[in-house]
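Coordinates in review
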Amino acid sequence: MSWLDAILIILAGVGAGAINTIVGSGTLVTFPTLLALGYSPVVANVSNTVGLAPGGVTGVIGYRRELAGQRDRLIRLASASLLGGVTGAVLLVTLPSGAFDAIVPVLIGIGCVLVAIQPWISRRLKDRERPDRPHGSALVWVLVMLAGVYGGYFGAGQGVLLIGIMGIGLAEDLQRINAVKNVLAMLVNTVAALFFVIVADVSWAVAGLIAVGSAVGGHFGASIGRRLPSTFFRVLIVVIGAIAIWRLLA
């Protein structure tokens, strides 16, 4: 690995950590970067998952004030995310690598679409009268679990999925929902990362560089999340995701 490659990976980690905290879908920055540097899709995804775990932790710490009073909700929904994350990680290492190569372009495309329409989703949710269920219905739990499966397998767009699910199913402010999203996404990423450390082929150099960058990015992402317009990040994600799809299909 060259010094230039290392710098690019760290910068991608910083961007991904910040984006995951503010919007979600930071994987669409780091994953294509690793592909562009010549790493295989499965190794890139596994190493990326391990590396982004510290960024999730710093993002949660940065949003700790919005988590006040949500303990019971977190316990309920965390069980769904943990189950889903383990399932998704198992699918990644048990399905043939060819399946990942075929599925990932579709997942990246879905992630790009979700990121692109996130402002529209947010506006609709603000005007929608939501049911008065403090911790969500059984359907919300199932959907959070399925989002965890997606997150454990690949992850790009998991945060937007979670915001959409909880925004519809919970009578809660979107900033507090975003704080819960950060916790749930962190749990999925962490449990998948631990699983990959045990059974998968992790590039520790890559994971370490992304970890450094994502920890910094997660901290700053939380501090500027309410002030920095996410339009630039959203456009960047869609562009990089499109490049990744082109590279995978070429």
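What counts as what
Residues numbered from 1 in each chain as written. Predicted model: local features only at pLDDT ≥ 70, side-chain atom pairs only at ≥ 80, totals over all residues. Heavy atoms only, no water. Helix = DSSP H or I, 4+ residues; strand = E, 2+ residues; numbered from the N terminus. Buried < 20%, exposed > 50% of the residue type's maximum accessible area, 1.4 Å probe, protein only. Contact = heavy atoms within 4.5 Å. Areas by Shrake-Rupley, 256 points an atom, 1.4 Å probe, with all protein chains shown as cover. Expected span 1.5 Å × (residues − 1). Bend = angle between axes of the 7 residues up to and from the residue. Salt bridge = Lys/Arg side-chain N within 4 Å of Asp/Glu carboxyl O. Core = buried A, V, L, I, M, F, W, Y, C linked by side-chain atoms within 4.5 Å. Phe/Tyr/Trp six-rings, centres within 6.5 Å; stacked < 30°, edge-to-face > 60°. Patch = residues over 30% accessible without salt bridge, like charges linked within 9 Å, V, L, I, M, F, W, Y side chains within 5 Å. pLDDT = per-residue confidence, 0-100. Axes fitted to C-alpha atoms, helices over the stretch in contact; angles between N-to-C directions. Left-handed = near helix turned anticlockwise from the far one by under 90°. Nonpolar A, V, L, I, M, F, W, Y, C, P; charged D, E, K, R; others polar.

Assigned secondary structure in the chain consists of 10 helices and zero strands. Taking all 250 residues of the chain together, 53% fall into the buried category. In the chain, of all internal contacts separated by at least 6 residues, the share reaching a separation of at least 24 is 85%. Only carbon and sulfur atoms are counted for the fraction: they give 70% of the accessible area of the chain, which is about 11,000 Å².

With that settled, the discussion passes to helix H3 (residues 41-62). Relative to the 32 Å expected for 22 residues at 1.5 Å per residue, H3 spans 31 Å between its end C-alpha atoms, a close match to the ideal helical length. Of all the bends in H3, the largest measures some 30° and sits at Leu52, one to four residues before the proline Pro54.

Turning our eyes to something else, we now look at the pattern of salt bridges. As a working rule, side chains carrying opposite charge can pair if their charged atoms are close by. This model, assessed by the stated rule, comprises one salt bridge. Across the pair Arg71 and Asp72 runs a salt bridge, and its minimum N-O distance is 3.6 Å.

Turning our attention to the nonpolar core. One finds Phe31, Phe100, Ile108, Phe154 and Phe196 to be the most contacted residues of the largest nonpolar core, which totals 30 residues. Mapped onto this core, the elements with two or more residues apiece are helix H1 (3-22), helix H2 (27-36), H3, helix H4 (71-94), helix H5 (97-127), helix H6 (138-153), helix H8 (174-199) and helix H9 (204-224). Residue contributions to this core peak at five residues, all from H5. Residues in contact with Phe154, not counting those within four places in the same chain, are Thr27, Phe31, Asn45, Phe100, Val104, Leu107 and Ile108. Ranked by size, the runner-up nonpolar core spans 25 residues in total, among them Leu170, Ala185, Met186 and Ala222.

Attention shifts here to the environment of Val142. Structurally, Val142 is set in helix H6. A residue is classified by how much of its surface remains accessible, and Val142, at 35% relative accessible area, is partly exposed. With 65 residues separating them in the primary sequence, Val142 and Leu77 have C-alpha atoms 9.3 Å apart.

Applying the stated rule across the entire model yields two aromatic pairs. Ring geometry for Phe31 versus Phe154: centroids 5.2 Å apart, planes at 80°, classification edge-to-face. Remark: Phe154 occurs in the loop between H6 and helix H7 (158-169) and Phe31 occurs in helix H2; sequence separation between them is 123 residues. The exposure classification of Phe31 matches that of Phe154, with both residues buried. Aromatic pair Phe195 and Phe196: ring centres 6.3 Å apart, planes at 65°, arrangement edge-to-face.

Glancing now at the environment of Val183. Of note, Val183 is situated in helix H8. Judged by relative accessible area, which is 10%, Val183 ranks as buried. Remark: the alpha-carbon pair of Val183 and Ala78, spanning 105 residues in sequence, is separated by 8.1 Å. Discounting residues that sit within four places of it in the chain, Val183 has contacts with Val60, Leu67 and Leu74.

Glancing now at a nonpolar patch on the surface. On the surface, Val93, Val197, Ile198, Val199 and Trp204 cluster together into a nonpolar patch covering about 500 Å² of accessible area. Looking at the nonpolar patch, the element that brings in the most residues is H8, giving three residues. The topology assignment puts Ile198 in helix H8.

Take the environment of Met166 next. Relative to the helices and strands, Met166 resides in helix H7. Taking the relative accessible area as the measure of exposure, Met166 reaches 0% and is therefore buried. C-alpha separation for the pair Met166 and Leu143, spaced 23 residues apart in sequence, amounts to 9.2 Å. Apart from residues no more than four positions distant in its own chain, Met166 is found in contact with Leu77, Ile177, Val180, Lys181 and Leu184.

It is worth spelling out the confidence of the model for the chain at this point. The share of residues in the chain with pLDDT of 70 or more is 85%, and the mean pLDDT across the chain is 82. Taken element by element, the predicted model of the chain shows its lowest mean pLDDT in helix H10 (residues 231-249) (68) and its highest in H4 (92).

Here H4 crosses H6 at 35°, and the two axes come no closer than 6 Å. Both H4 and H6 take part in a crossing whose hand is right-handed. Partitioned by chemical class, the residues of the contact of H4 with H6 number 13 nonpolar, eight polar and one charged.

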